[in-house]
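Now for the letters of each chain:
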Amino acid sequence: MPLMTSWVEAANAPDCDFPLNNLPYGVFDDGSGARMGVAIGDCVLDVARVDHGLDPDLFSAPTWNSVMASGPATWDALRARLMVLLGDPAYGAAVSPHLVAQSDVRLLMPFTVTEYTDFYASKHHATNVGTMFRGPENALPPNWLSIPIGYNGRASSVVVSGTPVHRPWGQVKRPDEALPQFAPSARFDLELELGAIVGGPSSGMVSVAEADEMIFGYVLLNDWSARDIQAWEYQPLGPFQAKATATTISPWIVTRAALEPFRTTSPERDRPLLPYLHEPGPMLYDIELSVGLAPQGASETIICRTNYGQMYYSAAQQLCHHTTSGCSMRTGDLLGSGTISGPDKDSRGSLLEMSWGGKEPVEVAGGQRCFLEDGDTLTLYGAACGDGYRIGFGTCSGTVQPAITLPDWASEATS
Ligand code: CA
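The text that follows walks through the structure, step by step, so that each part is easy to find. (Residues numbered from 1 in each chain as written. Predicted model: local features only at pLDDT ≥ 70, side-chain atom pairs only at ≥ 80, totals over all residues. Heavy atoms only, no water.)

1. Structural notes on the pattern of salt bridges
Consideration 1: Within this structure, the stated rule accounts for 18 salt bridges.
Consideration 2: The shortest N-O distance in the salt bridge between Asp212 and Arg263 comes to 2.8 Å. One end of the pair, Asp212, is in helix α5 (residues 208-214); the other, Arg263, is in strand β18 (residues 263-264), and 51 residues separate them in sequence.
Consideration 3: Arg369 is paired through a salt bridge with Glu373; the nearest N and O atoms lie 3.7 Å apart.
Consideration 4: Arg369 gets classed as buried once you look at its relative accessible area, which sits at 7%.
Consideration 5: Looking at Glu373, the relative accessible area reads 41%, which means it is partly exposed. (Salt bridge = Lys/Arg side-chain N within 4 Å of Asp/Glu carboxyl O. Helix = DSSP H or I, 4+ residues; strand = E, 2+ residues; numbered from the N terminus. Buried < 20%, exposed > 50% of the residue type's maximum accessible area, 1.4 Å probe, protein only.)

This is the structure we're talking about:
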């Protein structure tokens, strides 16, 4: 599919994240209150103010949940109408008064996260982490090639790009000490992921094909992870506090419709999947991803380049598997893909892997990193690249703040 041109000139530049082909959904505030917006070129369209042809109630609260809940026919109708309004120059005069420069707005959470589940679907990531923790012979857990592994996270942990993230306090037990201490994490890390947003609700089991139809769109997602807290707490029930500090998402929901031309097939299966997990067609996407790390006062270094297309399990498979227990899914549920690591050292999606457990520091402008330091700004980037245009995700960014000063009762208990 070629570039679809818009009368918003900036949208037609080949390196623009937001051409007419994209039309991602967000929530913005230009100083006069939070409203639903659509990114086009270097602007945001105040969508409630234009002749969108839908029930105005869908746009009455600053969140995309109502549109998501109204189902795929509404999603398609809105996208088709926006294509006309922003593509046909005849609408320029009527629509342009409702465009706001992106540089003049603050972007807020694009939807209300109902529940959050995080998966573990990159074979390279699972192999790297397993090799470090259990040795190369037992790197992949025995269930990994059969089950899309996940855990139930906290919706309350999800924050929008730009939100500061404090280094967490927690229980850590150092290898040379017999007992744990309560201390700030010394091994604070990122995980580069893609988040799938459930649009339509479900009750009962849904197939992989039905699950795919339920997905409204995708965001970049950083699952901030405290490795020292994780190492001490994770057995026997898996991650808990290590993952609860914050999960940062990018502010624009890139719709499944916009990503349609970039579908790609899953890799060869090392072991046949059970039939309920078979995919009726390509369910992954060719999305180029990268991670930048900028120490305080220093320039940014790209520390990872990878691609979502090399995951082992798709979001549709994860969502299908999630429902097989009878677990119902709700509008606004967020599914993290799991860390997206590729086969090479510079395509690993976490510092844990890049520094191989803290043994091989990563070079960045102004220093080296095994794990994150206070003042570090991490930014995730992503785009599906077409012929002369890109479906960009914008940025997913957060700066590490020092651990909070403990309340008196906690500092007394720590000393
Ligand atoms: Ca994760």
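2. Things to note about the packing of aromatic side chains
Consideration 1: Under the criterion given, the structure shown has 12 aromatic pairs.
Consideration 2: When the centroid spacing of 6.3 Å and the interplanar angle of 65° are considered together, the rings of Phe262 and Tyr389 count as edge-to-face. Taken together, the residues Phe262 in the loop between α7 (256-259) and β18 and Tyr389 in the loop between β25 (377-385) and β26 (390-401) connect sequence positions 127 residues apart. Judged on exposure class, the residue Phe262 and its partner Tyr389 are both buried.
Consideration 3: Relative to Tyr313, the ring of Tyr312 lies with its centre 5.2 Å away and its plane at 75°, an arrangement referred to as edge-to-face.
Consideration 4: Since its relative accessible area comes to 2%, Tyr312 is described here as buried. (Phe/Tyr/Trp six-rings, centres within 6.5 Å; stacked < 30°, edge-to-face > 60°.)

3. So, the coordination of the calcium ion
Each pair of donors in an ideal four-coordinate tetrahedral metal site encloses 109.5 degrees, whereas pairs in an ideal six-coordinate octahedral site enclose 90 or 180 degrees.
Consideration 1: Protein-derived coordination of the calcium ion comes from Asp118 (OD), Glu191 (OE), Glu193 (OE) and Asp223 (OD), at a distance range of 2.2 to 2.3 Å.
Consideration 2: Donor residues for the calcium ion sit on one chain with the sequence pattern D-x72-E-x1-E-x29-D. A residue pair is termed long-range when its members are at least 10 positions apart, and Asp118 in strand β6 (residues 116-119) and Glu193 in strand β13 (residues 192-198) qualify at 75 residues. (Donors = N, O, S within 2.8 Å, 3.2 Å for Na, K, Ca; no water.)

4. Digging into the pairing of strand β3 (residues 43-46)
Consideration 1: Along β3, one buried face is formed by Cys43 and Leu45 and the opposite face, lined by Val44 and Asp46, is buried too.
Consideration 2: Taken together, the four bridges between strand β2 (residues 34-40) and β3 define a ladder with antiparallel strand orientation. Looking at β3, one finds that Val38 is bridged to Leu45.
Consideration 3: Connecting the antiparallel pair β2 and β3 is a turn made up of two residues, with Gly41 showing a positive phi of about 60°.
Consideration 4: Bridge count between β3 and strand β4 (residues 99-101): three bridges; the pairing is antiparallel. By the bridge assignment, Val44 is partnered in β4 with Val100. (Pairing = 2+ DSSP bridges.)

5. A short note on the sheet that holds strand β1 (residues 25-29)
Consideration 1: Across the sheet, five strands lie side by side as β4-β3-β2-β1-β5; this open sheet has antiparallel pairing. The two strands at the open ends of the sheet, each matched to only one other strand, are β4 and β5 (106-108). Neighbour-to-neighbour, the strand axes of this sheet turn through a mean angle of 50°, independent of strand direction.
Consideration 2: Pairing geometry for β1 and β5, over three bridges, is antiparallel. Bridge assignment links Val27 to a residue of β5, and that residue is Leu108. (Axes fitted to C-alpha atoms, helices over the stretch in contact; angles between N-to-C directions.)

6. A word on the side chain of Asp228
Consideration 1: Structurally, Asp228 can be placed in helix α6 (residues 227-233).
Consideration 2: A polar side-chain atom of Asp228 sits 2.7 Å from the main-chain amide nitrogen of Ala186.
Consideration 3: Those residues within four positions of Asp228 in sequence are excluded, and the remaining contacts are Gln171, Val172, Ser185, Ala186 and Arg187. (Polar contact = N/O pair within 3.5 Å; in protein donor to acceptor, adjacent residues only side chain to side chain. Contact = heavy atoms within 4.5 Å.)

7. Side note on the environment of Gly153
Consideration 1: Considering the arrangement of structural elements, one finds Gly153 in the loop between β7 (150-152) and β8 (158-160).
Consideration 2: For the pair Gly153 and Gln241, spaced 88 residues apart in sequence, the C-alpha to C-alpha distance is 9.7 Å.
Consideration 3: The contact partners of Gly153, leaving out residues within four places of it in the chain, are Tyr116 and Thr117.

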